[in-house]
Amino acid sequence: MSNLNNLTSKILNDAKEEADKIVKSAEEKAKQKYDLEIKKAIAKKQTLLENARRERELLSDRIKSSANLKARNEKLKAKQTVINKVIDKLKAKLVNMNESDYINYLNQNIDKSSIAGKELIVKKEFVEKVKKEFPTAKVKKNEFVTSGFVIEENGVQENYTFEVKLDFMRDELEVEISKLLFS
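Residues numbered from 1 in each chain as written. Predicted model: local features only at pLDDT ≥ 70, side-chain atom pairs only at ≥ 80, totals over all residues. Heavy atoms only, no water.

What follows is about the nonpolar core. Membership of the largest hydrophobic core comes to 27 residues, with the highest contact counts inside it found for Tyr102, Leu106, Leu120, Val122, Val130 and Phe149. The set of elements that each furnish at least two residues to this core consists of helix 1 (2–95), helix 2 (99–109), strand 1 (119–121), helix 3 (127–133), strand 3 (150–153), helix 4 (162–168) and helix 5 (170–182). Counting residues per element, this core draws most heavily on helix 2, which supplies four residues. Two domains each donate at least three residues to this core, and these are domain 1 (1–96) and domain 2 (97–182). Not counting residues within four places of it along the chain, the set of residues in contact with Val122 comprises Tyr102, Leu106, Val127, Val130, Val139, Glu143, Phe144, Val145, Gly148 and Phe149. (Core = buried A, V, L, I, M, F, W, Y, C linked by side-chain atoms within 4.5 Å. Buried < 20%, exposed > 50% of the residue type's maximum accessible area, 1.4 Å probe, protein only. Helix = DSSP H or I, 4+ residues; strand = E, 2+ residues; numbered from the N terminus. Domains from an automatic or database assignment. Contact = heavy atoms within 4.5 Å.)

Structure representation (structure tokens):
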């Protein structure tokens, strides 16, 4: 019976050792899987943090860029408003030109020899003075301009009113005014 007990005892010891090996192997595999999953989680966390940091920087850059663009647009709008006011004041000054300046302007811009026989449309308040200054021109008495003058020949008009001239020269004027005021 002692052989049987020894044999049973040996089988139990062998089984216990085998069970311990299996448990130890399973624990090692579980620890390896755990460590691997922790490494994966840490790597994923780092990737998410890096992506969030990059996205935050991009968003911050976009917000700054948008704010700079809005500020630039507001600045340009304010400059354009000032330029428009200057041009409007210039128009008003030209429209309200006194008689002496108006006649000087006409003398500088109308060739007396080539105006003969052509119709001249001028400001109503200066018609009589213009007739004296340009006796060969046909100064219209029933048609007037608010500024500048118009030369008409055979139904074709050459418009030299200040409004038309300023509109034609507007781009150049804006550049010059901008240089004077904002440089």
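On the secondary structure map, Lys123 appears in the loop between strand 1 and helix 3. Leave out the neighbours within four places in its chain, and Lys123 touches Val95, Asn96, Met97, Tyr102, Phe144, Val145, Thr146 and Ser147.

With that out of the way, let us pick up the sheet that holds strand 4 (residues 156–159). In a beta sheet, neighbouring strands pair by backbone hydrogen bonds and run either parallel or antiparallel. Strands sit in the order 2-1-3-4 across an open sheet of four strands; the sheet is mixed. Bordering the open sheet on either side are strand 2 (138–139) and strand 4, each of which pairs with just one other strand. Here three bridges tie strand 1 to strand 3, and the two strands are oriented antiparallel to one another. Note on strand 3: the bridge partner recorded for Leu120 is Ile151. (Pairing = 2+ DSSP bridges.)

Before going further, it helps to spend a moment on the pairing of strand 3. On a regular strand, one side chain projects to one face of the sheet and the next to the other, so that they alternate. In this sheet, strand 4 lies alongside strand 3 in antiparallel orientation, the contact comprising four bridges. Bridge pairing in strand 4 places Glu153 opposite Val156. From the end of strand 3 to the start of strand 4, which pair antiparallel, there are two residues, and Asn154 there has a positive phi angle of about 55°.

With that settled, consider the packing of aromatic side chains. As enumerated under the stated definition, the model contains four aromatic pairs in all. When the ring of Phe149 is compared with that of Tyr160, the centres are 4.9 Å apart and the planes differ by 20°; the resulting orientation is stacked. Of this pair, Phe149 sits in the loop between strand 2 and strand 3 while Tyr160 sits in the loop between strand 4 and helix 4; the two residues are eleven residues apart in sequence, bridging distant segments of the chain. Look at Phe149 and you get buried, because its relative accessible area is 0%. Three or more aromatic residues joined by ring pairs form one cluster here, namely Tyr105, Phe149, Tyr160 and Phe162. Lying over the aromatic face of Phe134, Lys112 brings its terminal NZ or CZ to 5.3 Å of the ring centre. (Phe/Tyr/Trp six-rings, centres within 6.5 Å; stacked < 30°, edge-to-face > 60°. Lys NZ or Arg CZ within 6 Å of the ring centre and 35° of its normal.)

Relative to each other, helix 1 and helix 5 sit at 110°, their axes nearing to 10 Å. Taken together, the axes of helix 1 and helix 5 lie roughly perpendicular to each other. Like other packed secondary-structure pairs, helix 1 and helix 5 cross with a definite hand, here right-handed. Here Lys79, Gln80, Val82, Ile83, Asn84, Val86 and Ile87 of helix 1 come into contact with helix 5, specifically with Arg170, Leu173, Glu174, Ile177, Ser178, Leu181 and Phe182. In the contact of helix 1 with helix 5, the residues fall into eight nonpolar, three polar and three charged. (Axes fitted to C-alpha atoms, helices over the stretch in contact; angles between N-to-C directions. Parallel < 35°, antiparallel > 145°, perpendicular 65-115°, else oblique. Left-handed = near helix turned anticlockwise from the far one by under 90°. Nonpolar A, V, L, I, M, F, W, Y, C, P; charged D, E, K, R; others polar.)

Here we take up the domain arrangement of the protein chain. Along its sequence, the protein chain is carved into domain 1 (1–96) and domain 2 (97–182). One C-alpha centre belongs to domain 1, the other to domain 2; they are set 73 Å apart. Of the residues lining the interface, 13 residues belong to domain 1; the matching set on domain 2 comes to 16 residues. When the two sides are added together, the surface that domain 1 and domain 2 hide from each other amounts to roughly 1,300 Å², 71% of it contributed by carbon and sulfur. Of all residues in domain 1, the largest losses of buried area upon contact with domain 2 belong to Ile87, Leu94 and Val95, amounting jointly to 40% of the total for that side. (Buried area = accessible area lost by both parts, 1.4 Å probe.)

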